[in-house]
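The primary structure of each chain is shown beneath.
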Amino acid sequence: MHGWMPRMMVHWLCLAVFVTVLLVQCDSKDPYSTLGVERKATLPEIRRAYKQLAKEWHPDKSKHPEAEQRFVEIKQAYELLSDSERRKAYDQYGITNEDAIVNRERPDYTTYSRFQDPFEHFYGAHNFNFHDQDISLYHRLSITAKYYETNILPKSRQTPQILMFYADWCFDCMKAANSFKKMIDTLEPYGVTFATINAGHEEQLVRRTGVHSLPCIVMVLDGHNYIYRESVFNAQHLVDFIRQKMPYKLLTPVTDDTLDAFLAGWTDNRARALILEPRVQPRLRYLITAFHFRERVAFGFVALNGRSTRHIQERFKNHPSLDTLLLFNEFPARPVASISMSDIPTLTLNNVIGVNKFLVLPRLSSQPVLDGVCPVEWNRPRKRLCVVLVTENTSLHDGARQMLRRIALESSFSRERVRFAYIYREKQDEFIGALSQNNQLLQDALLKLVILWRRDTKHIRYEWLHEVVLQVDRASAENETHDQFFNSTKHKVDSAIQRLLRTSEALSYEAEVKDLLDEHAQCLAIRMLNRLLLAIEFMTDNVGQEHILPALSVIGTIAFIFIIGYLMSYLLRLEEEDIQQKQGKNMENMNGKASSYVPELRLHELRAEKYNGLVRLLKPGCRTIVLLTDMQSRPKLISAFHKSVWPYRKNKTLMFAHMLIEKGIGWYAELLRLSLSESREMKINPRNCIGTVIALNGHRKYFCMYHAKHPESNRGAKRMIKMTRHLTSMPSDPEAGAFLGMESSDSEASMSDVSEPKILLEENLLDGLPNWLDRLFEGTTHRYYINYWPDFTSK
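Every value quoted in this text rests on a predicted model; they were computed, and no experiment measured them.

Thresholds, definitions, all that
- Residues numbered from 1 in each chain as written.
- Predicted model: local features only at pLDDT ≥ 70, side-chain atom pairs only at ≥ 80, totals over all residues.
- Heavy atoms only, no water.
- Helix = DSSP H or I, 4+ residues; strand = E, 2+ residues; numbered from the N terminus.
- Buried < 20%, exposed > 50% of the residue type's maximum accessible area, 1.4 Å probe, protein only.
- Contact = heavy atoms within 4.5 Å.
- Areas by Shrake-Rupley, 256 points an atom, 1.4 Å probe, with all protein chains shown as cover.
- Pairing = 2+ DSSP bridges.
- Axes fitted to C-alpha atoms, helices over the stretch in contact; angles between N-to-C directions.
- Arc of directions from axis to C-beta.
- Parallel < 35°, antiparallel > 145°, perpendicular 65-115°, else oblique.
- Left-handed = near helix turned anticlockwise from the far one by under 90°.
- Nonpolar A, V, L, I, M, F, W, Y, C, P; charged D, E, K, R; others polar.
- Disulfide = S-S within 2.5 Å.
- Patch = residues over 30% accessible without salt bridge, like charges linked within 9 Å, V, L, I, M, F, W, Y side chains within 5 Å.
- Salt bridge = Lys/Arg side-chain N within 4 Å of Asp/Glu carboxyl O.
- Core = buried A, V, L, I, M, F, W, Y, C linked by side-chain atoms within 4.5 Å.

Caption draft 1: Representation of the overall build of the protein. If you tally the helices and strands in the protein, you get 29 helices and 20 strands. Going through the 795 residues of the protein one by one, you find that 43% of them count as buried. Relative to all contacts within the protein whose residues are 6 or more apart in sequence, the contacts with residues 24 or more apart total 72%. Summing over all exposed atoms, the protein offers an accessible surface of approximately 46000 Å²; the carbon and sulfur share of this is 54%.

Caption draft 2: Region of interest: the sheet that holds strand 10 (residues 385-391). On the basis of which strands lie adjacent, the open sheet formed by five strands has the order 11-10-12-13-14 and mixed pairing. Two strands in the sheet have a free side with no partner beyond their single neighbour: strand 11 (418-424) and strand 14 (509-512). Looking at each pair of strands side by side, their axes are set apart by 35 degrees on average, direction ignored. As paired strands, strand 10 and strand 12 (residues 448-454) are joined by four bridges and run antiparallel to one another. Bridging from a neighbouring strand, Leu389 pairs with Leu449 of strand 12.

Caption draft 3: Representation of unusual backbone geometry in the model. Note the cis peptide between Leu214 and Pro215, where omega equals -5 degrees. Despite not being glycine, Asn269 has its phi angle at roughly 75 degrees, a positive value. Relative to the assigned elements, Asn269 resides in the loop between helix 13 (259-263) and strand 6 (271-277). For Lys701, which is not a glycine, the phi torsion comes out positive at approximately 60 degrees. In this fold, Lys701 is placed in the loop between strand 18 (693-697) and strand 19 (702-706). The class of Lys701 is partly exposed, set by a relative accessible area of 30%.

Caption draft 4: Structural detail: helix 8 (residues 145-155). If you check which residues of helix 8 are buried, you get Tyr148, Ile152 and Leu153. The arc enclosing the buried residues of helix 8, seen along the axis, measures out at 90 degrees, which places them on a common side. In this fold, the buried residues of helix 8 make contact with strand 1 (161-166), helix 11 (203-209), strand 3 (216-221) and strand 4 (224-228).

Caption draft 5: Local environment of the sheet that holds strand 18. Ordered by their spatial adjacency, six strands build an open sheet running 15-17-16-18-19-20, and the pairing between neighbours is mixed. The strands lining the two open edges of the sheet, one partner per strand, are strand 15 (603-605) and strand 20 (784-785). Two elements, strand 18 and strand 19, share five bridges in a ladder whose sense is antiparallel. Looking across to strand 19, one finds that Ile694 is bridged to Met705.

Caption draft 6: Expanded view of the packing of helix 18 (residues 398-409) against helix 21 (residues 482-500). Here helix 18 crosses helix 21 at 60 degrees, and the two axes come no closer than 11 Å. Classified by the interaxial angle, the pair formed by helix 18 and helix 21 is oblique. With respect to the hand of their crossing, helix 18 and helix 21 are arranged in right-handed fashion. Residues Met403, Arg406 and Ile407 of helix 18 form the contact with helix 21, whose participating residues are His482, Asp483, Phe485, Phe486, Thr489 and Lys490. Among the residues making up the contact of helix 18 with helix 21, the classes are represented as four nonpolar, two polar and three charged.

Caption draft 7: Quick peek at the state of the cysteines. The full count for this structure, using the stated rule, is one disulfide. The disulfide bridge from Cys374 ends at Cys386, spanning 2.1 Å between sulfur atoms. Pair noted here: Cys374 is in the loop between helix 17 (367-373) and strand 10 and Cys386 is in strand 10, with a separation of twelve residues, a long-range link. Of the two residues, Cys374 and Cys386, neither departs from the other in class, the shared state being buried.

Caption draft 8: Up close: a nonpolar patch on the surface. On the surface, a cluster of nonpolar side chains totalling about 1000 Å² of accessible area is made up of Phe560, Ile561, Ile563, Ile564, Tyr566, Leu567, Met568, Tyr570, Leu571 and Leu574. For Leu567, the position within the fold is in helix 23 (residues 545-591). For Leu567, a relative accessible area of 43% translates into the label partly exposed.

Caption draft 9: The nonpolar core, seen in detail. By size, the foremost hydrophobic cluster in this structure holds 53 residues, and its most contacted members are Tyr138, Leu187, Phe194, Leu238, Leu251 and Phe299. If you tally residues by element for this core, the top one is helix 14 (residues 284-292), at six residues. When neighbours within four sequence positions are excluded, Phe194 is seen to be in contact with Ile162, Phe180, Met183, Ile184, Leu187, Glu188 and Leu238. Residues Met403, Ile407, Ala496 and Leu507 belong to the second largest nonpolar core, which totals 31 residues.

Listed below in structure tokens is the structure:
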């Protein structure tokens, strides 16, 4: 009895869900009639109808009471018809629910196992199917930020990289798992690479790519991150997204009138490829292939269903209903390779184009070209030779290049072992100079052949063919025909190659070379101009009338802001000039002539009645700099002190003073006693205190000290603390404690101060004060902290 009741509940629950699905399907409207399109409508027609209806029935724009419901119906109809699988299921079976499509593909009814627990229905588990949401796919494809830097970014220069950002407890990510798997199955054959990133583990990468919500798809293309912002995750939308982000006009449209000009453009050192399709727009796989080989091959697109391409179809005799790939080199009369299939696989495209991506006689115009034409081979039995002609970028050398091109075309050697190329001497002079150090002058290398063997990326073994000069002059033309000259030159080149291919034969010289200069690199101004032209061309082709007014509004707003800002700055400048002129006139009227203010330097005398104002009541950040003198040295020291502190007269945080040591000897002794770590009786010699400068910070209760005999004045502040601690315990110089006013022992002599003068004149006591002041304001002088300021008692 107890086992029968749960089974009955399950059956009743299944029946209720089944009836609900039938009622929903019966009540649902026809998506074609909702969007107002025919059943044979294409995806662009459906998209245009959706955009028009969405604008009309958007709840923010329409005041109709049923606008919100109507807008939801329009969106659901578009999501159904934009997905090819859901549209097919609706046309055949009338199914509008995406989960029902999955269930039809899995007739074993395993999805009903989710009703075994009746509580799942009440907690919302019916919103998605856990059996079909395989989140383990994310974990299998998960990568780290380091892998993103080392692999994803470099590979994005050749093929698009799709990244799915997810989290372990993200239910929307689980719902999108099936759609992501369909994307992988659809686009991986085209060469698109897929990977996933756990947003919880790679937060820095999430911020770098600009991911705003989960799940989120990011495409990395040519080192740039593009976020997929559609709400619907399906393969068709992702295909459209990739197509939009590809470089504009990656495939040049070719017609009967432009065919010859396109094929004759091989002088840019790139082979030519024609894609012939019976459709107006090229397939995504051809766009991805063109992006992969864009550096070495120029691609053109021929729409076979157009009237302007009939001559091309008659010329190449291709099948009108098949896709065709034609590859051309310097001889555009006929292609060097061709493929015709209904669907050309991406692997076949890459293999055929990879073998024929170089011309018969390519130019060594960059390091990647050198690596492709003359690859590195360190093994002597398998060494690869590269025959290079040194020319200049002039039409006078076209004959020499054409002769070597003919030699390469008729060569019997395998292209895997021997390749032919030419190089511009004026553009790659450093590379040619490294090979010409054993060939006298660089000028002698012109129109001569050099055979290279690259043992590694930096070292090259080479040998010049001095007896071969690819230039037909008048004398040779009179003595022998052109064919005879060609045959003799070809025989010499073939003999040299055959000899150097032997394992026992070694090339004569070796050189260390740098990377070739990239001749195709453009300066910043040209790159910006090209981007501007491409942007204008793209906007001309894609911007419609509905986009013009918003764009003009934005441009007008920005221009208005700039104009207003310029006018305000101009008026402000006029007002400032007017105020300055009025002030100048007022000063002239008051004084009769313009007077310049020169700030004065006031020196106060530190006495008992001024002590509080100069020390105790100083504001935070203010200091008083005091010079200690006696009656005899006062005139000389005050003059030198005034000269040293004169540059700081404009500083409002400083005050300057002087003190007679005879009047303030008690206060000075108490100040020094408070600064010492131990309490002891101070014996002050007033004569030794002359020339001392004290910087007092009244608020923070510390002072800094300068004296000609102070260790900090002679050797800097780094050793000052250590020397001060041992100064009283290890006195060695008779005047070593003079800066503290303490008597020193006369029985010992300091070995470290032998070089210092033992007698100082009064006029030299303040010579080091300017440097000490610099360190004072830098904060590098030592600070003596005290608990309180002692009372100033005059004698």
